[in-house]
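Notes for the structure review
Read off the chains here:
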Amino acid sequence: VFSHNRFQDNSEFRVLKNWEEGPTKQTNPPSVPVSLQFEDNNFPAGQQIEYNGSQQKRITSAEMREKEKLKEHEIQCLRKAAECHRQVRKFAQSYIRPGMKLVDICERIEEMNRYLVQENGLKAGIAFPTGCSLDHVAAHYTPNPGDNTVLTYDNVMKIDFGTQVEGRIIDSAFTVAFNPTFDNLLKAAQDATDAGIKAAGIDVRLGELGREIQEVMESYEVEIKGKVYPVKSIRNLFGHTIAPYKIHAGKSVPIVKSTIQDKMEEGELYAIETFATTGKGWIVEDGECSHFMKEYDMKPIPLRHPRAKTLWKHINETYSTLAFCRRWLDRSGETAHLAGLNYLCDVGLINPHPPLVDIKGSYVAQFEHTILMKPTCKEVLSRGDDY
């Protein structure tokens, strides 16, 4: 049954808000690619926030508005990817429930992402594998072939996925929890992310941003089974700049007080993401690897492993510098890929990105938005009714 009703009740989920009623050209469930909903290619703007302090005058500057016009194509690519991300996650929130296999959750998100953005090689598609990290696993987990893990009522699951248009990436994440026990953990991450967005601005030092985030994050505590845990920021996880086809573009945004002196600059694209934990606040790599990415600056080397040679060609043509996962290699017909993939990792052409975990028995929540430091104001591209 298809309807054009934009409203969606998200009360199954802790902390996430409902999608509000309003005009839409999308059906429910979605069946209309995003570009067909906005045929003038004028996609919805994200949340526009004035800069603070001495930068506030930018909002009324004619010179800054002219500068912004020069970036119009890039901004529309980002807004298209952001609108796709919103509609995909709204769809995901309509069906994610306890008892589902994680692989089914991820594959439905990915299929809808491909469909709504009208996947077209490297010109448009998924920006990186769908993360569905559970509990003490903070990031970089998606099911590998044969992984039949099932979501339960008591899990804390981070849904982290990305959409790209002409390499312009929207990276945004939310946490799924059904048990009210975890409300404060989720609120800590959500409020800390919003504090980071509020403090962001041109010439703001990234270390100072980390201080603002940590202050909000660590004002929370959470009671689990009668024991009270202080909520901590994970000290060695960071937000980051994003460049075309490059999810981590060089600058890191700490989520604790830091001596990092780098400043935010006009024109930069940032993923502001925070991780709240009941554990140690320090992650390590652990578990079977599912996320892989080409080494950006690696010079070509002769490959003597025949399977690795054909796999390397496929990875270059299909993903280039975007991240990928083993499920996607299977999906594209590269089924006997493990030996070749391990070889490419061993010679340094591919970087494995294993799951990032806090201590077992702890819980981690995450919220993330992509923001653009425009000449006139900052735009929270991925903002939606839900978070």
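Each chain has its residues counted from 1, following the order in which its sequence is written. Selection of residues for local features in this predicted model requires a pLDDT of at least 70, selection of side-chain atom pairs for listing and counting requires 80 or more, and totals for whole chains, interfaces and linings are taken over all residues. The basis for every side-chain value is the complete set of non-hydrogen atoms in the structure, without hydrogens or water.

1. What about the nonpolar core?
- I96, I105, M157 and I159 are the most contacted members of the largest nonpolar core, which totals 79 residues.
- Each helix corresponds to a stretch of at least 4 residues labelled H or I by DSSP, and each strand to a stretch of at least 2 residues labelled E; elements are numbered beginning at the N terminus. At 10 residues, helix 3 (residues 72-95) tops the list of elements feeding residues into this core.
- In contact with I159, not counting residues within four places along its chain, are I96, I105, I109, G131, C132, S172, A173, F174 and V176.
- If you look at the next biggest cluster of nonpolar residues, it comprises 18 residues, including F292, L329, C345 and I350. By nonpolar core is meant a set of buried Ala, Val, Leu, Ile, Met, Phe, Trp, Tyr and Cys residues that side-chain atoms within 4.5 Å join together. Burial status follows relative accessibility: with a 1.4 Å probe on protein chains alone, a residue under 20% of its type maximum counts as buried, one over 50% as exposed, and anything between as partly exposed. Residue contacts are defined here by distance: any two heavy atoms, one from each residue, within 4.5 Å place the two residues in contact.

2. What about the sheet that holds strand 12 (residues 284-285)?
- Strand order across the open sheet formed by three strands is 3-16-12, with antiparallel pairing between neighbours. With partners counted over all chains shown, the strands left at the sheet margins are strand 3 (137-139) and strand 12, one partner each.
- In this structure, strand 12 lies alongside strand 16 (residues 356-357), joined through two bridges in antiparallel fashion. Residue pairing in the sheet places V284 in a bridge with V357 of strand 16. Strands pair, by our definition, only if DSSP identifies at least two bridges between them.

3. Digging into the sheet that holds strand 14 (residues 324-325)
- Strands sit in the order 14-13-15 across an open sheet of three strands; the sheet is antiparallel. Looking at which strands have only one partner, the edges of the open sheet turn out to be strand 14 and strand 15 (350-353).
- Across the sheet, helix 9 (residues 338-346) is in contact with strand 13 (291-294), strand 14 and strand 15; its angle to strand 15 comes to roughly 105°. Fitted lines through C-alpha atoms serve as axes, helices being fitted only where they are in contact, and the angles separating the N-to-C directions of these axes extend from 0 to 180 degrees.

4. Points about the environment of A188
- In this fold, A188 is placed in helix 5 (residues 183-199).
- Accessibility expressed as a relative area gives 0% for A188, which makes it buried.
- Separated by 132 residues in the primary sequence, A188 and S320 place their C-alpha atoms 36 Å from one another.
- Setting aside residues up to four positions removed in sequence, A188 forms contacts with M217, Y220, V231 and A276.

5. Examining the packing of aromatic side chains
- Stacked, tilted and edge-to-face are the three classes assigned to paired rings of Phe, Tyr and Trp, where Trp is represented by its six-membered ring and a pair needs centres within 6.5 Å; plane angles under 30 degrees give stacked, over 60 edge-to-face, the rest tilted. Scanning the model with the defined rule gives nine aromatic pairs in all.
- Residues F367 and Y387 carry aromatic rings whose centres are separated by 5.7 Å and whose planes lie at 65° to one another, so their mutual orientation is edge-to-face. One end of the pair, F367, is in strand 17 (residues 364-373); the other, Y387, is in the segment after strand 18 (378-380), with 20 residues separating them in the sequence.
- In this structure Y387 comes out as buried when scored by relative accessible area, which is 5%.
- An aromatic cluster is defined as three or more aromatic residues linked by ring pairs; in this entry it consists of F292, Y319, F324 and W328.
- By definition, being over a ring means that NZ of Lys or CZ of Arg is both within 6 Å of the ring centre and within 35 degrees of the ring normal. In this structure, R114 is placed above the aromatic ring of W328, and the distance from its NZ or CZ to the ring centre is 5.8 Å.

6. So, the confidence of the model for the chain
- A residue's pLDDT is the confidence the predictor assigns to it, expressed on a 0 to 100 scale. On average, residues of the chain carry a pLDDT of 97, and 100% of them reach 70 or more.
- Within the chain, no element has a lower average pLDDT than helix 2 (residues 62-70), which sits at 93, and none a higher one than strand 17, at 99.

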